[in-house]
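Per-entry structural report
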Amino acid sequence: MNGKWILSAFTVALLSSAVALNAQEPSPGPPPQDDFMPGGHIGARMKILGFEEMHSGKVVTGSPYTAVSVTETTQTLADGTTINRKIQTTVFRDGQGRVRRETTLPVIGPLVASGKSNPFVLIDDPVANTAFILHPDTKSAEQLPAPHRGNKNSGALRDKFEAHIQMEIANGTVKKEDLGTQTLNGVSAQGTRYTRTIPVGEIGNDRPITVVNERWYSTDLQVLVKSTRTDPQLGTTTYTLTNIQRQEPAAALFAVPTDYTVRQGRAHGKGNVMYAPAGQAPAAVLPPGE
């Protein structure tokens, strides 16, 4: 397999997982569990890839906006080498709660040889209970499995994690601080800082390790506006929602263009399927494996 296919497949798997978890905007509660799990760091790595805003949560209606999210990561290796990454995503959310994210992955790893970026678009439509990944460079799309919104297991997991965080706060492992309210990029946001100390020996460390996660959440828009995560193991990652415009996006942004070829996502374990907007014929029919 070539490197681009592997990266594309990883992207699909990552986004499929995010949508399957009812990916909308994050709740104002504690940061994802992986932020504080030694040796895990799945949540942190998603942030490095630019998916900070993707966490399970309710569908937000009646509060449309368009913005640009910027994720920047700086990591310094033991030999002094510095690795910098920056990813921008244009985010659209309409009054019905439909979300579109336009992202171009940076030219790193297997993409360096070709010199080409890897643009893709994620559409999550809770109205039609569908989700798609669009590939503008090939005019193709993959239909993802329908998200299980309001999954009771997801709620139980969040409750369990909340209880775990409260226990760690009580025993002093995690410190929670209220940072008050600030206006960031024209939006009022409530700040919270979580500081976790990994004790000596927990992961083979000879000194305590401190991980700090600072988050600024807008209860009005119900989105994360800014976050900073500092972890000696992974570096510093900042996420900022910029250029926030509170207008209704065009409806066409949340539909698959009629000239795109649509395949069913691999997670279904079946062949490819057709897709067409209501009242229109599908553009193409592809057999499995094509």
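Refer to the preceding data block for the structure.
Values in this document were obtained by computation on a predicted structure and should not be read as measured data. (Residues numbered from 1 in each chain as written. Predicted model: local features only at pLDDT ≥ 70, side-chain atom pairs only at ≥ 80, totals over all residues. Heavy atoms only, no water.)

Focus: the overall build of the protein
For the record, the criterion: Helix and strand definitions here come from DSSP, where helices need a minimum of 4 consecutive H or I residues and strands a minimum of 2 consecutive E residues; each element is numbered from the N-terminal end. The buried label applies to any residue whose accessible area, calculated with a 1.4 Å probe on protein chains only, is under 20% of its type's maximum; exposed applies above 50%, and partly exposed to all values in between. Pairs of residues are marked as contacts when any of their non-hydrogen atoms sit within 4.5 Å.
Looking only at helices and strands, one finds three helices and 14 strands in the protein. Counting over 290 residues, the protein shows a buried share of 42%. In the protein, the proportion of contacts linking residues at least 24 apart, taken out of those at least 6 apart, comes to 55%.

Description of the nonpolar core
Filter applied, for reference: As used in this record, nonpolar core signifies buried Ala, Val, Leu, Ile, Met, Phe, Trp, Tyr and Cys residues forming a set joined through side-chain atoms within 4.5 Å.
Counting 15 residues, the largest nonpolar core has Y65, L221, V223, V225, L241 and I244 as its most contacted members. Broken down by secondary-structure element, the contributors of at least two residues to this core are β3 (65–76), β10 (187–198), β12 (223–231) and β13 (235–245). Once residues lying within four places of it in the same chain are set aside, the contact partners of L241 are Y65, A67, V68, S69, N185, V223, L224 and V225. Formed by eight residues, the second largest nonpolar core is a distinct cluster that contains V121, I123, Y260 and V262.

A word on the pairing of strand β7 (residues 130–135)
Definition in use: Think of it this way: DSSP has to see at least two bridges between two strands before they count as a pair.
Buried residues dominate β7, accounting for six of its six residues. Of the two faces of β7, the one carrying T130, F132 and L134 and the one carrying A131, I133 and H135 are both buried. Strand direction decides the pairing type here: β7 and strand β8 (residues 140–144), joined by five bridges, are antiparallel. Each residue of the ladder has a partner; that of H135, found in β8, is S140. With antiparallel pairing between neighbouring strands as the criterion, β7 and β8 make up a hairpin whose turn holds four residues, including K139 at a positive phi of roughly 50°.

A few points about unusual backbone geometry
Look at K139: it is not a glycine, yet its phi comes out positive at around 50°. In this fold, K139 is placed in the loop between β7 and β8. Unusually for a residue other than glycine, N243 sits at a positive phi of about 50°. Among the structural elements, N243 can be located in strand β13.

Thoughts on the pattern of salt bridges
Quick reminder of the rule: What counts as a salt bridge is simple: a side-chain nitrogen of Lys or Arg found within 4 Å of a carboxyl oxygen of Asp or Glu.
Within the structure shown, the criterion is met by nine salt bridges. Of the charged contacts, one joins R196 and E202 as a salt bridge, the two residues approaching to 3.4 Å between their closest N and O atoms. Its salt-bridge partner being R246, residue D220 comes within 2.8 Å of it at the nearest N-O pair. A residue pair is termed long-range when its members are at least 10 positions apart, and D220 in the loop between β11 (209–218) and β12 and R246 in the loop between β13 and β14 (261–264) qualify at 26 residues. What makes R246 partly exposed here is its relative accessible area of 43%. One salt-bridge network, held together by shared partners, links E168, R196 and E202.

Examining the environment of T90
The residue T90 is located in strand β4 (residues 82–93) in this model. The partly exposed category is assigned to T90, whose relative accessible area is 24%. Residues T90 and T242 lie 152 residues apart in sequence; the distance between their C-alpha atoms is 9.5 Å. What T90 contacts, discounting residues up to four positions off in sequence, is A67, V68, R100, R101 and E102.

So, the side chain of R229
Filter applied, for reference: For this analysis, a polar contact is any N or O atom pair within 3.5 Å, provided that within protein one partner can donate a hydrogen and the other can accept it, and provided that sequence-adjacent residues contribute only side-chain to side-chain pairs.
Tracing the sequence through the fold places R229 in strand β12. In this structure the side chain of R229 is engaged in a polar contact, spanning 3.2 Å, whose partner is the side chain of D231.

Description of the pairing of β12
Looking along a regular strand, one sees side chains alternate from face to face of the sheet. Note that β11 and β12 share seven bridges and pair antiparallel. The partner of S218 across the bridge, within β12, is V223. Counting the residues that bridge the hairpin from β11 to β12 gives four residues, and of these Q222 lies at a positive phi of roughly 60°. Pairing geometry for β12 and β13, over six bridges, is antiparallel. Each bridged residue has a counterpart across the sheet, and for S227 the counterpart in β13 is Y239. Linking β12 back to β13 in an antiparallel pair, the connection comprises three residues.

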